[in-house]
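# Observations on chain architecture
Residue strings, one per chain:
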Amino acid sequence: MDDELNPLAMARQQLDQVAERIHLEPDVHEKLKHCKRTLIVAVPTSMDDGSLRVFTGYRVHHNLARGPAKGGIRYHPGVSLDEVSALAMWMTWKCALMDIPFGGAKGGVICSPKEMSLRELERMTRRLTSEMMIILGPDKDIPAPDINTNAQTMAWILDTYSMNVGHSVPSVVTGKPVSVGGSRGREDATGRGCVCTMREALAHLGLPIAGARVAVQGFGNVGRATARLAQQAGARVVAVSDEWGGVYHPHGLDIDAVIRHDRQVGRVGGFAGSDAVTNAELLELECEVLIPAALGHQLTQANAGRVRARMVVEGANGPTTPAADQILNDRGIFLLPDILANAGGVTVSYFEWVQGLMEYFWTEEEVNERLERLLRQAFADVLRTSLQEKVPMRVAAYMLAVSRVAEATRIRGKYP
Ligand code: NAD
């Protein structure tokens, strides 16, 4: 794979760039470049036609100096060990930036979930869980949803883990349904975080949110909530898309109506009164805010020069390659990095874990209020560092996050 598109090479490049600035000692730098632990499992799964398929699953822990491992599990044909490792590293930085007591992890299974039945997905998830049990646990490693996994997937993981240990352990996962100990507000949390940080950034740039044109790539858990909450905040969501393409209206789409249409036909395409756009076209639309909220490496050196947004908000993990980052920065486009913009999800996952351990649950208003408070604080810290050090927001966010992880790594010392 071309190095620009290799996620692990990209994650390491981002770390190297910051290591110099914060004068990271070579030993700590070397340690942070590597993932602490990688589990590769075979997941034999009975298919509905009676055949057996063996899927490959990964679970990677990057750094646990600040707390137990935390990170999503994704199901996608494009999953690779390098991708999961990079995502685990980004989770370490994200948790540190939000100052929540977790280390970074990620998991994935190479599969095509859209071609599998619900029963096949359940059997695969349950077997995956039992293969991963040796590293899972509420004080060891707590998975959450990611691409093509959701609250139902988390409920299967919770149930399988609990059946194996002989008692119910809701805190082994977050992003689970409220009926089995999930947190109110978790489903919208990542989108709420994108909109909250976008609002702060627009205010910093002196741009009103009312009427701001927003284009969102991806209409899953993150993209859908982001589009809906951006519209509620007064923005004009001019385009949304999914893997089959997008829809556009210069005066703004009615997002609730797009959600209903998507539920009926399974895609946003064909929404009445809109024009079709491709995903490539959506990324280059003239707008105030572009929000890639689907897959990684969508903005590359090939298209970054044609982005016409005033600001990019990274709803997805790793949507911008370092080469594209440089181009966007040179062109004066303000970028809210993934470890800040999409940190709302892991923050409410943390709240869910805390509520589960206390067995005391908060109202949705309490969850949202605490979330927005932490995000506004993180945004202000990153912006201050960015202005003081005269560096882009991503570099500033990394400087804060890597320094915190380095400090914990340093103070715990080297074992043995
Ligand atoms: P999801 O599976 O719910 O939705 C993914 C969306 O992206 C779908 O609409 C899908 O059709 C679309 N998509 C897939 N391939 C595409 C392509 N090639 N071009 C355009 N669109 C495409 O996943 P999600 O949970 O919304 O996650 C989206 C991104 O946000 C991922 O990068 C994930 O790591 C990141 N993220 C998710 C969370 C969370 O809480 N779910 C938290 C932080 C970050």
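Numbers given for residues are sequential positions, taken from 1 along each chain in its written order. Selection of residues for local features in this predicted model requires a pLDDT of at least 70, selection of side-chain atom pairs for listing and counting requires 80 or more, and totals for whole chains, interfaces and linings are taken over all residues. Hydrogens and water are ignored here; the side-chain numbers use all heavy atoms of the structure.

### Let's talk about the packing of aromatic side chains
We call Phe, Tyr and Trp rings a pair once their centres come within 6.5 Å, taking the six-membered ring for Trp, and we label the pair stacked below 30 degrees between planes, edge-to-face above 60, and tilted otherwise. Using the criterion set out here, one finds six aromatic pairs in the structure. Taking 6.4 Å as the distance between ring centres and 35 degrees as the angle between the ring planes, the aromatic pair formed by Tyr 350 and Trp 353 counts as tilted. Residue Tyr 350 and its partner Trp 353 are located together in helix α12 (residues 344-358), separated by three residues, close to a single helical turn. Like Trp 353, Tyr 350 is buried. For Arg 267, the ring lying beneath its charged end belongs to Trp 244, and the centroid distance is 4.5 Å. In this analysis the charged atom, NZ for Lys or CZ for Arg, is taken to sit over a ring once it is within 6 Å of the ring centre and within 35 degrees of the ring normal. Over the ring of Trp 362 we find Arg 370; its NZ or CZ atom is 3.9 Å from the centre of that ring. Secondary structure elements follow DSSP: runs of H or I of four or more residues count as helices, runs of E of two or more count as strands, with numbering from the N terminus. Each residue is placed in one exposure class: buried if its accessible area under a 1.4 Å probe, protein chains only, is under 20% of its type's maximum, exposed if it is over 50%, and partly exposed if it falls in between.

### Some remarks on the site of the ligand
Nearness is judged by heavy atoms alone; a residue qualifies as near a molecule or strand once a single heavy atom is within 4 Å of it. Around the ligand, the structure places 23 residues, and the nearest of them are Asp 146, Asn 148, Thr 190, Glu 243 and Asn 317. Contact between the ligand and Asn 148: an oxygen atom at 2.8 Å from a main-chain N or O atom of the residue. The separation between an oxygen atom of the ligand and a polar main-chain atom of Ala 294 is 2.9 Å. Coverage of the ligand by the protein chains reaches 87% of its 830 Å² of free accessible surface. Where the shell around the ligand is concerned, the elements lending two or more residues are α6 (186-205) and α7 (221-232). Classification used: nonpolar for Ala, Val, Leu, Ile, Met, Phe, Trp, Tyr, Cys and Pro, charged for Asp, Glu, Lys and Arg, polar for all others including Gly. Of the residues that constitute the shell around the ligand, the class distribution is eight nonpolar, ten polar and five charged. Source of the domain bounds: an automatic or database domain assignment. The residue makeup of the shell around the ligand includes at least three contributed by each of domain 1 (7-168) and domain 2 (189-336). Whenever a nitrogen or oxygen atom comes within 3.5 Å of another N or O atom, the pair is scored as a polar contact, on the condition that within protein one atom can donate a hydrogen and the other can accept it, and that pairs from neighbouring residues in sequence are kept only if both atoms are in side chains. Methods summary: accessible areas were calculated by the Shrake-Rupley approach with a probe of 1.4 Å, and residue burial reflects only the protein chains presented.

### A short note on a positive patch on the surface
On the surface, Lys 31, Lys 36, Arg 37, Lys 140, Arg 412 and Lys 414 cluster together into a patch of positive charge. The topology assignment puts Lys 414 in the segment after α14 (393-412). Under the relative-accessibility criterion, Lys 414 is labelled exposed at 70%. Without a salt bridge and with relative accessible area above 30%, a residue can belong to a patch; like charges are then joined within 9 Å and nonpolar side chains (Val, Leu, Ile, Met, Phe, Trp, Tyr) within 5 Å. Each salt bridge in this description consists of a side-chain nitrogen of Lys or Arg and a carboxyl oxygen of Asp or Glu lying within 4 Å of one another. Positive residues here are Lys and Arg, negative ones are Asp and Glu, while His and the chain termini are left out of the count. In plain terms, the charge of a residue is placed at NZ if it is Lys, CZ if Arg, CG if Asp and CD if Glu.

### Some remarks on the sheet that holds strand β10 (residues 286-292)
One requirement defines pairing of two strands: DSSP has to find at least two bridges between them. Spatial strand order, β9-β8-β7-β6-β10-β11-β12: seven strands in an open sheet with mixed pairing. Lying at the two open borders of the sheet, with one neighbouring strand each, are β9 (275-277) and β12 (334-336). Geometrically, the sheet is characterised by an average inter-axis angle of 25 degrees between neighbouring strands, direction not taken into account. Both strand β7 (residues 236-242) and strand β8 (residues 245-248) contribute to a ladder of four bridges, which runs antiparallel. Across the sheet, the residue bridging to Ser 241 is Gly 246, located in β8. Contacts: residue pairs with any heavy atoms within 4.5 Å of one another. Simply put, an axis is a line fit to the C-alpha atoms, just over the touching stretch for a helix, and the angle between two N-to-C directions goes from 0 to 180 degrees. Taken strand by strand, α6 contacts β6 (213-217), β10, β11 (308-313) and β12, and its axis lies near 130 degrees from that of β11. Its contacts with the sheet put α7 on β6, β7 and β10, and the angle it makes with β7 is roughly 170 degrees.

### Here we look at the packing of helix α4 (residues 118-132) against helix α5 (residues 151-165)
Between α4 and α5, the shortest axis-to-axis distance is 9 Å and the interhelical angle comes to 45 degrees. Overall, the two elements α4 and α5 adopt an arrangement that is oblique. α5 is crossed by α4, and the crossing has right-handed handedness. The segment α4 lies against α5, with Leu 118, Leu 121, Glu 122, Thr 125, Arg 126, Thr 129 and Ser 130 engaging Thr 153, Trp 156, Ile 157, Asp 159, Thr 160 and Tyr 161. For the contact of α4 with α5, the per-class residue count stands at five nonpolar, five polar and three charged. Oblique is the label for any angle not covered by the other classes, which are roughly parallel (under 35 degrees), roughly antiparallel (over 145) and roughly perpendicular (65 to 115). What makes a crossing left-handed is the near helix being turned counterclockwise from the far one by less than a right angle; a clockwise turn instead makes it right-handed.

### Examining the layout of surface pockets
Space inside the second largest pocket adds up to approximately 510 Å³. Here a cavity denotes grid points, spaced 1 Å and computed from the protein atoms alone, that fit a 1.4 Å probe unable to get out, and a pocket denotes an open set having protein on both sides within 12 Å along at least 5 of 7 lines; residues with an atom within 4 Å of a point are the lining. The wall of the second largest pocket is formed by 24 residues, among which Asp 325, Asn 329, Pro 392, Met 393 and Val 395 lie closest to the centre. Those elements that place two or more of their residues in the lining of the second largest pocket are α1 (7-21), α6, α10 (322-330), β12, α13 (364-389) and α14. Grid points are joined across faces, edges and corners, and a volume is the space filled by probe spheres set on the points.

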